[in-house]
Number of protein chains: 2
Amino acid sequence: MTVKTILLDFRLKKNLDQDVLDNKIISTFEEYFKISLFRVSHNILNNFSQIWIYSDKDSNSPFIISIKSWDNTQEKEISSILTMNIEYSSKRFTELLTCDVIELEKRLTECFPQGFCDKAKSFPVIERGLEFSDYLTTSDNRIVQYNYERVLFSQSSIYQDIMIVDTIDHGRMLLLDDLVNLAENDTSFYTQSLMFGNDFDGKDILILGGGDGGLLKEILDNYKPAFVTMIDIDELVIKAVKEHMPSVCGEYFNDMQGSNYEVIIGDAFQYMEERIKERKTYDFIFGDLTDTPVPSSSNMNEIGIDDKFKWDLICSALSKSIRLLKPAEGKYLTHCNGKSVPLALKTFENLVTQKFNCSYERKETFVPSFMEIWVFYEVSPSAS
Amino acid sequence: MTVKTILLDFRLKKNLDQDVLDNKIISTFEEYFKISLFRVSHNILNNFSQIWIYSDKDSNSPFIISIKSWDNTQEKEISSILTMNIEYSSKRFTELLTCDVIELEKRLTECFPQGFCDKAKSFPVIERGLEFSDYLTTSDNRIVQYNYERVLFSQSSIYQDIMIVDTIDHGRMLLLDDLVNLAENDTSFYTQSLMFGNDFDGKDILILGGGDGGLLKEILDNYKPAFVTMIDIDELVIKAVKEHMPSVCGEYFNDMQGSNYEVIIGDAFQYMEERIKERKTYDFIFGDLTDTPVPSSSNMNEIGIDDKFKWDLICSALSKSIRLLKPAEGKYLTHCNGKSVPLALKTFENLVTQKFNCSYERKETFVPSFMEIWVFYEVSPSAS
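This structure is a prediction, so every number in the text was calculated from the model and none was measured.

Reading the values: rules and limits
Positions within a chain are numbered from 1, following the residues in the order the chain's sequence is written. Just so you know, chain letters begin at A and ligand numbers begin at 1, following the order they were written in. Local features in a predicted model are, by the rule used here, given only for residues with pLDDT of at least 70; side-chain atom pairs are given and counted only at 80 or more, and totals for whole chains, interfaces and linings are based on all residues. Excluded from the side-chain calculations are hydrogens and water; all other atoms, namely the structure's heavy atoms, are used. Secondary structure elements are taken from DSSP: a helix is a run of H or I of four residues or more, a strand is a run of E of two residues or more, and numbering for both begins at the N terminus. Using a 1.4 Å probe on the protein chains alone, a residue whose accessible area is under 20% of its type maximum counts as buried, one over 50% counts as exposed, and one in between counts as partly exposed. Contacts are assigned to residue pairs that have any heavy atoms within 4.5 Å of one another. Accessibility throughout is a Shrake-Rupley quantity obtained with a 1.4 Å probe, and a residue counts as covered only by protein chains that appear here. Counting rule applied: Lys, Arg positive; Asp, Glu negative; His and chain ends not counted. We put the charge of a Lys on NZ, of an Arg on CZ, of an Asp on CG and of a Glu on CD. The quantity reported as buried area is the accessible area (1.4 Å probe) lost by two parts once they are put together, taken as the sum for both. The rule for a salt bridge is simple: a side-chain nitrogen of Lys or Arg has to be within 4 Å of a carboxyl oxygen of Asp or Glu. Under the rule applied, a polar contact is a pair of N or O atoms within 3.5 Å (in protein, one hydrogen donor and one hydrogen acceptor; residues adjacent in sequence only if both atoms are side-chain atoms). Ten residues, namely Ala, Val, Leu, Ile, Met, Phe, Trp, Tyr, Cys and Pro, are considered nonpolar, four, namely Asp, Glu, Lys and Arg, are considered charged, and the remaining ones, Gly among them, are considered polar. Alignment of copies: least-squares fit on C-alpha atoms of residues with pLDDT of at least 70 in both copies. Paired rings are identified among Phe, Tyr and Trp, the last through its six-membered ring, by centres lying within 6.5 Å, and are further divided according to the angle between planes into stacked (under 30 degrees), edge-to-face (over 60) and tilted (the rest). Nonpolar cores were defined as sets of buried Ala, Val, Leu, Ile, Met, Phe, Trp, Tyr and Cys residues, with membership established by side-chain atoms within 4.5 Å. UniProt positions are given in the numbering used here, feature names are shortened, and annotations may be inferred rather than shown by experiment. Only strands that DSSP links by at least two bridges are regarded as paired with each other. Simply put, an axis is a line fit to the C-alpha atoms, just over the touching stretch for a helix, and the angle between two N-to-C directions goes from 0 to 180 degrees.

Q: Any chance you could explain the overall build of chain A here in plain terms?
A: A count of helices and strands for chain A gives 10 helices and 21 strands. If one aligns the C-alpha atoms of chain A with their principal axes, the spans along those axes are about 80 × 45 × 30 Å. Here chain A holds 384 residues, and 58% of them are scored as buried. Across chain A, contacts joining residues at least 24 apart in sequence account for 62% of those joining residues at least 6 apart. When the accessible surface of chain A is split by element, carbon and sulfur atoms take 45% of a total near 15900 Å². The distance from the centre of the 40 positive side-chain charges to the centre of the 60 negative ones in chain A is 3 Å.

As structure tokens, then:
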């Protein structure tokens, strides 16, 4: 069982008449859902703000309508906003679709006297209490619903929750902590953007993170690098991808090493420290670790603990990478965040130029599974 | 003013203790939002299904929390689902972001005894009562929120509501009746898919609909057609696109005709009737009219009135187009619907093959502004 929620709202030019509610709106609901409603409660909260709760009689699984009238005296044109929340268990009305909700919205709009309702809006049926919820968010916190055809993998490592799902629009999709990491259909958009059109033939390459294996495969399939080292901390991600997303990682995770590559399960930061001590250098280092944090406030001094932890990680990855790059020609390639969070991008850019005195190229690509434009950077240490 | 709604839900292994609600959940809300709550009402609807309403004191704009406990005795593992709806006017907590909602979800989860809560889910803040709502739907009724930076045009013609908005992810975007029609960044995905890689040099072409002008521009910019006739019924769409989306329609709507093209404001069906009488033929006809309807039920006999009207339109466009195509070599090119509504696609395919005895090629492309894979068809009349 799940709980279904329908949200409707109406911008009204005059305050709601109790008469319209009693005689028209409630009977529209009754006719539409073929139920008999009774008023559970009615409370006047203040001024014109009121709340009415209705439910249906003699049912084992209730059907609840909450109607709220919100006073809006501050705006000239709109006197009140009416919100209606309909909630019922999925055992009822299993077939109710969005087209029906639009029809309901239309009928409810007709309850108001002519010219009374400025605008009506209905939302598709929202399903709650799902074992695997497919409502995710973009970088700027917009809601986007995916279509999971099948959940292929769902386990938690000590680092994160890992899921692999099958979708119609994106193929198989890897989710880490409920954020889309990569989907099968993304390769040409995400992975190639990260590569910035460089030639990797004969180059020494280090991939920090990259547990989906997409980047490793793209480089090894299309170039003849001197050597690629990939280091990811989460063995369970690699195990899951190897089993369920072979089109993304190829066969490179089967042996974990070959003549010109090695996949290491371990801490990228510790690994870099050791290489710095050895004075090892690379032509290219990929930062395929966490996204930059999205500031929760325009005041950057207010970053949360989790944000600070992530920025410290990004700073550390950049700092160590710059020390490991071949002077002058080495490049650090990384994804950053969505175009819709310019403050996160600006913070990264300032970090690169001001703290690390590097220059950068910026690339923007719409990544289908992210449902938004993602921003990538190629960072070059300064010539000085 | 708008009304903000936060939805939270919890899958519980045991039914909710009144004690947990009174002493932990409510005080978590109070601490989190720094308010003082009182219980507005509490109703036992049946068995274990209950509803509690809380609000805050002494405020001109109320803050309302509805908590509902849904009995779930049918499932073995999960004994109850708890839904929480938080609603408040946008005048309160203007800065509340999704990251905060996740923090709230985490704190609420901690209210339950160890192992009591199987899964928690929070949704990003939903904004209601907007003048221009950016919550739209995919073909299969999933919710997708866009980011409108600016509304450039919003008017209704006698045919439809027309909007042009600026977005970060898709550039400028044309909406007809709250459905995305085309965005600036879509050209290579949508328009080129519709063209199916054909060579239009020296060809006679008819475009049915196509009011955004993207197809007309793509053909005239890249080929030397004998003549292109475009006929769209809605002059206001053309006016809006000409003014606000010149990168899509180019300058072709300025004069409405040139040496090798003409844009006609009129009824495509009547126009086709007249051409049939004249025995005129075309090499290519583009059906860029309405999408195929998505059946509201798996029983196709139950199609609604609006669906029937649309299927009749599609049938009529196909039927007339087939009569206007050059025998054997002529082609009808059209978009259809989202990959997520296979029944709508199947119905179209059956129409093409069974009713009209034609063959077809099918193409699938992820169209960024649609946020899903869209399906296109190239229909060829049978050789017989």
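Next comes the rest of the write-up.
Q: Sorry if this is basic, but what is going on with the interface of chain A and chain B here?
A: Interface size is commonly expressed as the accessible area that is lost once the parts come together. Counting from both sides, the interface comprises 76 residues of chain A and, opposite them, 77 residues of chain B. Regarding the contact of chain A and chain B, the summed buried area is about 6700 Å², with carbon and sulfur atoms giving 59% of it. Looking at the side of chain A facing chain B, the largest losses of area belong to Met1, Trp70 and Ile143 of chain A, adding up to 11% of the total buried there. Arg128 of chain B is the partner of Asp9 of chain A in a salt bridge, and the nearest nitrogen-oxygen pair spans 3.6 Å. For the pair chain A and chain B, the interface holds 30 residue pairs in polar contact (both at pLDDT 80 or more). For the side of chain A that touches chain B, a count of residues per class yields 32 nonpolar, 27 polar and 17 charged.

Q: Would you mind going over the relation of the copies chain A and chain B with me for this structure?
A: Relating one copy of the chain to the other requires a rotation about an axis plus a shift along that axis. Laying chain A over chain B is done by rotating through 180 degrees and shifting 0.0 Å along the axis; what remains is an RMSD of 0.0 Å. The superposition operator between the copies reduces to a two-fold rotation axis. Among all residues of chain A, the minimum C-alpha distance to the rotation axis is found for Val144 of chain A, at 2.2 Å. Here 100% of the contact residues of chain A are again contact residues in chain B; the copies associate through an equivalent surface.

Q: It is not clear to me how the environment of Phe10 of chain A should be interpreted in this structure. Could you clarify?
A: All names here are of chain A. Position of Phe10 relative to the elements: it lies in strand β1 (residues 3–12). We classify Phe10 as buried; its relative accessible area is 0%. Separated by 303 residues in the primary sequence, Phe10 and Leu313 place their C-alpha atoms 46 Å from one another. Excluding residues within four positions of it along the chain, Phe10 makes contact with Ser80, Ile81, Leu82, Met84, Glu105, Leu108, Thr109, Phe112, Cys117, Lys119 and Ala120.

Q: Looking at this model, I keep getting lost on the packing of aromatic side chains. Mind explaining?
A: Residue and element names in this part refer to chain B. Throughout the structure, instances matching the rule amount to 33 aromatic pairs over all chains. Both rings, one in Tyr252 and one in Tyr261, keep their centres 5.4 Å apart while their planes meet at 90 degrees; by these two values the pair is edge-to-face. On the basis of relative accessibility, which here comes to 19%, the residue Tyr252 falls in the buried class. Residue classification places Tyr261 among the buried positions, given a relative accessible area of 7%.

Q: What's the story with the nonpolar core in this structure? I'm lost.
A: One recurring pattern in soluble globular proteins: nonpolar side chains tend to sit buried together. Counting residues in hydrophobic clusters, the biggest one holds 104 residues, and the most contacted among them are Leu216 and Phe286 of chain A together with Leu216 and Phe286 of chain B. Ignoring anything within four residues of it in the chain, the contact list for Leu216 of chain A reads Ile207, Val228, Met230, Tyr252, Phe253, Tyr261 and Val263 of chain A.

Q: Whenever I open this one, the UniProt feature "active site" (unreviewed entry) in chain A confuses me. Can you help?
A: Residue and element names in this part refer to chain A. Per the UniProt entry, the sites bearing "active site" (unreviewed entry) are Asp288 in this numbering. Within the secondary structure, Asp288 is located in strand β18 (residues 284–288). Ignoring sequence-local partners within four residues, the contact set of Asp288 consists of Tyr190, Leu194, Leu208, Gly209, Gly210, Asp212 and His335.

Q: Just checking my understanding: could you explain the sheet that holds strand β18 (residues 284–288) of chain B for this structure?
A: Strand pairing in a sheet is mediated by backbone hydrogen bonds. Such pairs are either parallel or antiparallel. Residues and elements named next belong to chain B. Ordered by their spatial adjacency, 8 strands build an open sheet running β16-β17-β15-β14-β18-β19-β21-β20, and the pairing between neighbours is mixed. Of all strands in the sheet, those with a lone pairing partner are β16 (257–258) and β20 (358–367), marking the two edges. The pairing of β18 with strand β19 (residues 331–338) spans 4 bridges and is classified as parallel. Bridged to Ile285 within β19 is Tyr332. The strands touched by helix α8 (residues 268–278) are β14 (204–209), β15 (227–232) and β17 (261–265); relative to β14, the strand with the most contacts, the crossing angle is about 150 degrees.

Q: For this particular structure, what's the right way to read the pairing of strand β13 (residues 179–183) of chain A?
A: Residues and elements named next belong to chain A. Inspection of the sheet shows strand β12 (residues 171–176) paired to β13 by 4 bridges, in the antiparallel sense. Across the sheet, the residue bridging to Leu176 is Leu179, located in β13. What sits between β12 and β13 in their antiparallel hairpin is a turn of 2 residues, with Asp177 showing a positive phi close to 50 degrees.

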